[in-house]
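Descriptive analysis of the structure
Residues per chain are reported as follows:
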Amino acid sequence: MRTKSNGIMGAILLVCLAGTGCEPKQEPTPLSEEMERQMRLEAPVVGGPSAEFSVPRAPADIPAAVEAALKDSGVNLVQTGGSEANRWLFGKSLADRRVLVQILPVYPGRSTVKVTVEGGDALARDLLKNLSDGISKRVR
């Protein structure tokens, strides 16, 4: 009789413990949605050599060419963001270098593209040159 009641008590305890461990999924709050929107607007910070050049296109027309150039250079696109005016693309190279491409408007029909690669060695400079050449060829 004692083992039967111990078994029942153990089962009840197990059900209670399992029930307390399950939490319902929380709905996003307005504050968390605002914070997520702000994070998409802010570009990540990447330190290292950078190249900046002007292109004869509007900012909305450039990201597709930048994505193709990143892919050709072996950089995996991790995140994109920005507003209608300025855009940025963030990726990681095969050598685990962070890469940031910012697209900034100058005036209607003209934009500036800034490419920054993490690191200060020859590998970072080579990747920067390769990316800058690839983007400028695809955009023009």
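Residues numbered from 1 in each chain as written. Predicted model: local features only at pLDDT ≥ 70, side-chain atom pairs only at ≥ 80, totals over all residues. Heavy atoms only, no water.

1. Comments concerning the overall build of the chain
Secondary structure summary: the chain contains four helices and five strands in total. Each helix and strand of the chain, ordered N terminal to C terminal, gives the series α-α-β-α-β-β-β-β-α. A total of 140 residues make up the chain; the buried ones form 27% of that total. Contacts in the chain between residues far apart in sequence, at least 24 positions, make up 57% of those at least 6 positions apart. Of the roughly 9,300 Å² that the chain leaves accessible, carbon and sulfur atoms contribute 57%. (Helix = DSSP H or I, 4+ residues; strand = E, 2+ residues; numbered from the N terminus. Buried < 20%, exposed > 50% of the residue type's maximum accessible area, 1.4 Å probe, protein only. Contact = heavy atoms within 4.5 Å. Areas by Shrake-Rupley, 256 points an atom, 1.4 Å probe, with all protein chains shown as cover.)

2. Notes on the sheet that holds strand 2 (residues 75-82)
Pairing is antiparallel in the open sheet, where five strands are placed in the order 1-5-4-3-2. The two strands at the open ends of the sheet, each matched to only one other strand, are strand 1 (50-55) and strand 2. Ignoring strand direction, the axes of neighbouring strands in this sheet form an average angle of 20°. Pairing between strand 3 (residues 87-93) and strand 4 (residues 98-107): six bridges, direction antiparallel. Pairing of R87 across the sheet is with I103, part of strand 4. Most of the contacts of helix 4 (residues 122-139) go to strand 5 (residues 110-117), to which it runs at about 160°, and overall it touches strand 1, strand 2, strand 3, strand 4 and strand 5. (Pairing = 2+ DSSP bridges. Axes fitted to C-alpha atoms, helices over the stretch in contact; angles between N-to-C directions.)

3. So, the pattern of salt bridges
Here the structure, examined in full by the defined rule, presents five salt bridges. We note a salt bridge from D72 to R138, for which the minimum N-O separation is 2.1 Å. Here D72, found in helix 3 (residues 63-72), pairs with R138, found in helix 4; they are 66 residues apart in sequence, far enough to count as distant. Accessibility expressed as a relative area gives 56% for D72, which makes it exposed. We note a salt bridge from D96 to K92, for which the minimum N-O separation is 3.3 Å. (Salt bridge = Lys/Arg side-chain N within 4 Å of Asp/Glu carboxyl O.)

4. Here we look at the environment of F53
Relative to the helices and strands, F53 is located in strand 1. Under the relative-accessibility criterion, F53 is labelled buried at 14%. Taking the C-alpha atoms as reference points, F53 and T112, 59 residues apart in sequence, are found 5.7 Å from one another. Every residue in contact with F53, bar those within four places of it in the chain, is listed here: S111, T112, V113, V115, S132, I135, S136 and R140.

5. Some details on the pairing of strand 3
Sheet faces and side chains relate simply in a regular strand, where the side chains alternate between the two faces. Of all seven residues making up strand 3, five are buried, and the element is well covered by its neighbours. In this structure, strand 2 lies alongside strand 3, joined through seven bridges in antiparallel fashion. Each residue of the ladder has a partner; that of G82, found in strand 3, is R87. Once strand 3 ends, the chain turns through four residues before running back antiparallel as strand 4, passing D96 with a positive phi of about 65°.

6. Focus on helix 4
Think of an α-helix as turning once every 3.6 residues; residues three or four places apart then point the same way. Between the first and last C-alpha of helix 4 there are 26 Å, a value that for 18 residues agrees with the 26 Å anticipated at 1.5 Å per step. Within helix 4, the full set of buried residues consists of A124, L127, L128, L131, S132, I135, S136 and V139. End-on view of helix 4: buried residues confined to an arc of 150°, all on one side of the axis. Seen from the open side of helix 4, the exposed residues pointing more than 90 degrees away from its buried face are D126, K129 and K137. Where helix 4 is buried, its residues touch strand 1, helix 3, strand 2, strand 3, strand 4 and strand 5. (Expected span 1.5 Å × (residues − 1). Arc of directions from axis to C-beta.)

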